[in-house]
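Coordinate inspection notes
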Amino acid sequence: MDIRNKELFLTVKDYSVSQEIFELYYDKELDMLITFPQPSLKDLGKYYESNNYISHTDSKRTLFEKMYQFVKSVALKRKLKLINSLHSNKGSILDIGAGTGDFLLEAKNNGWQTIGVEPSEKAKAIAIKKGISFVSETKELEDHFFDVISMWHVLEHVPNLEEQIKELKRLLKPNGTLIIAVPNFKSFDAMHYKKFWAAYDVPIHFWHFSKSAIKKLFSNEKLELIDVLAMKFDSFYVSLLSEKYKTGNMNFIKAFYIGLKSNYKARQNFEYSSHIYILKNK
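Residues numbered from 1 in each chain as written. Predicted model: local features only at pLDDT ≥ 70, side-chain atom pairs only at ≥ 80, totals over all residues. Heavy atoms only, no water.

Section: the sheet that holds strand β8 (residues 207-208)
Our working definition: Strands are labelled as partners when DSSP assigns at least two bridges between them. Helix and strand labels come from DSSP, where a helix needs a run of H or I of at least four residues and a strand needs a run of E of at least two; each type is numbered from the N terminus.
One open sheet accounts for four strands, arranged β1-β2-β3-β8; its pairing is antiparallel. Since the sheet does not close on itself, it has two edges, and those belong to β1 (7-13) and β8, each with one partner. By the bridge criterion, six bridges tie β1 to strand β2 (residues 21-27) in an arrangement that is antiparallel. Paired with Val-12 across the bridge in β2 is Phe-22.

Digging into helix α8 (residues 234-247)
This is how it is decided: The length a helix should cover is 1.5 Å for every residue beyond the first. For each residue, the accessible area found with a 1.4 Å probe, counting protein chains only, is set against the maximum for its type, and the residue is called buried under 20%, exposed over 50%, and partly exposed in between.
The first and last C-alpha atoms of α8 sit 20 Å apart over 14 residues, in line with the 20 Å expected at 1.5 Å per residue. A large share of α8 lies buried, amounting to ten of its 14 residues. The complete set of buried residues in α8 reads Asp-234, Ser-235, Phe-236, Val-238, Ser-239, Leu-240, Leu-241, Ser-242, Glu-243 and Tyr-245. Phi turns positive, to about 90 degrees, at Gly-248, one or two residues after α8.

Details of empty space enclosed by the protein
Gaps left between atoms show up when a probe the size of a water molecule is rolled over them. Selection criterion: Both cavities and pockets are sets of points on a 1 Å grid over the protein atoms alone; in a cavity a 1.4 Å probe fits but cannot get out, in a pocket the set is open with protein on both sides within 12 Å along at least five of seven lines, and lining residues sit with an atom within 4 Å of a point. Grid points are joined across faces, edges and corners, and a volume is the space filled by probe spheres set on the points. The nonpolar class holds Ala, Val, Leu, Ile, Met, Phe, Trp, Tyr, Cys and Pro. Asp, Glu, Lys and Arg form the charged class, and all remaining residues, Gly among them, are polar.
In this structure the tally under the stated criterion is two cavities of 30 Å³ or more. Lys-13, Tyr-15, Trp-197, Asp-201 and Tyr-245 are, among the 13 residues lining the largest cavity, the residues nearest its centre. For the lining of the largest cavity, the per-class residue count stands at eight nonpolar, one polar and four charged. Its boundaries defined by the atoms lining it, the second largest cavity holds a volume of some 40 Å³. Glu-156, Pro-183, Asn-184, Phe-185, Trp-197, Ala-199, Trp-207, His-208 and Phe-209 are the residues that line the second largest cavity. Here the lining of the second largest cavity is built from residues that sort into six nonpolar, two polar and one charged.

Quick look at the packing of aromatic side chains
Test applied: Any Phe, Tyr or Trp ring, taking Trp's six-membered ring, that has another such ring centre within 6.5 Å forms a pair; planes under 30 degrees apart are called stacked, those over 60 apart edge-to-face, and the others tilted. Two conditions define a charge sitting above a ring: the NZ of Lys or the CZ of Arg must be within 6 Å of the ring centre, and it must be within 35 degrees of the ring normal.
With the rule as written, the count across this model stands at eleven aromatic pairs. A ring pair is formed by Phe-103 and Trp-152, whose centres lie 5.5 Å apart and whose planes are at 75 degrees; its orientation type is edge-to-face. Of this pair, Phe-103 sits in helix α3 (residues 102-109) while Trp-152 sits in strand β6 (residues 146-152); the two residues are 49 residues apart in sequence, bridging distant segments of the chain. In textbook terms, an aromatic cluster arises when at least three aromatic residues are bridged by ring pairs, as seen for Tyr-15, Phe-196 and Tyr-245. Above the plane of the ring of Trp-152 lies Lys-79, whose end atom (NZ or CZ) is 4.4 Å from the centre.

Pasting the structure below:
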């Protein structure tokens, strides 16, 4: 995808690492945003070099990290419950962007055959100590092998979006389930914080999705969107970081209020801070 004939939507800053400025362009046809410029694969790694990239650690150094790890433990149980509700017979699951392996560990302990893909050697090393198996890249894996493929806040990080969707189609069994979780740039917290919204997370978030964008992108590969679920905790986590970017402080009370308001507004228009998309391979 390129930005020719695309409308400039917003100018945003990388608050986590580089402090560089990036632009977000609106793709009207797909109803999504595109980060510009996008780092080359050679340079991409340096934008992840932050001690604050919390999903690549099991750290509990601060109150914020302790809260994050607690919420993560609750979310893991909900994720497993979701997977089991979609597949009564436990089979094979691939988690792309497996991080420190906690989701796969939960699934493995519940009887699933698990394998992960994770580009961060630091995160992968933590996961391997927990007994999680990995492949270096999905090209090593057989066609139509997996009952479930999950990408929890990973699709927005993928440089070649169309290639990735084709690869997911190749790996998934007929009638297999694809689970995609991504931020939603149409949420109230996104509109409230604008250029300070932490879930833009440029430049490591290449793409910024809406519900209609996910439906259109995956229907091109005959992956049918069957359900959209809310990720209600995300509005609070994202609002905390957004407050920090905007004011220099996390402002727990203000962030909690905005997160609560975002979830309340989403009860009417179903535009939550993040969504889980359930897709079936037809």
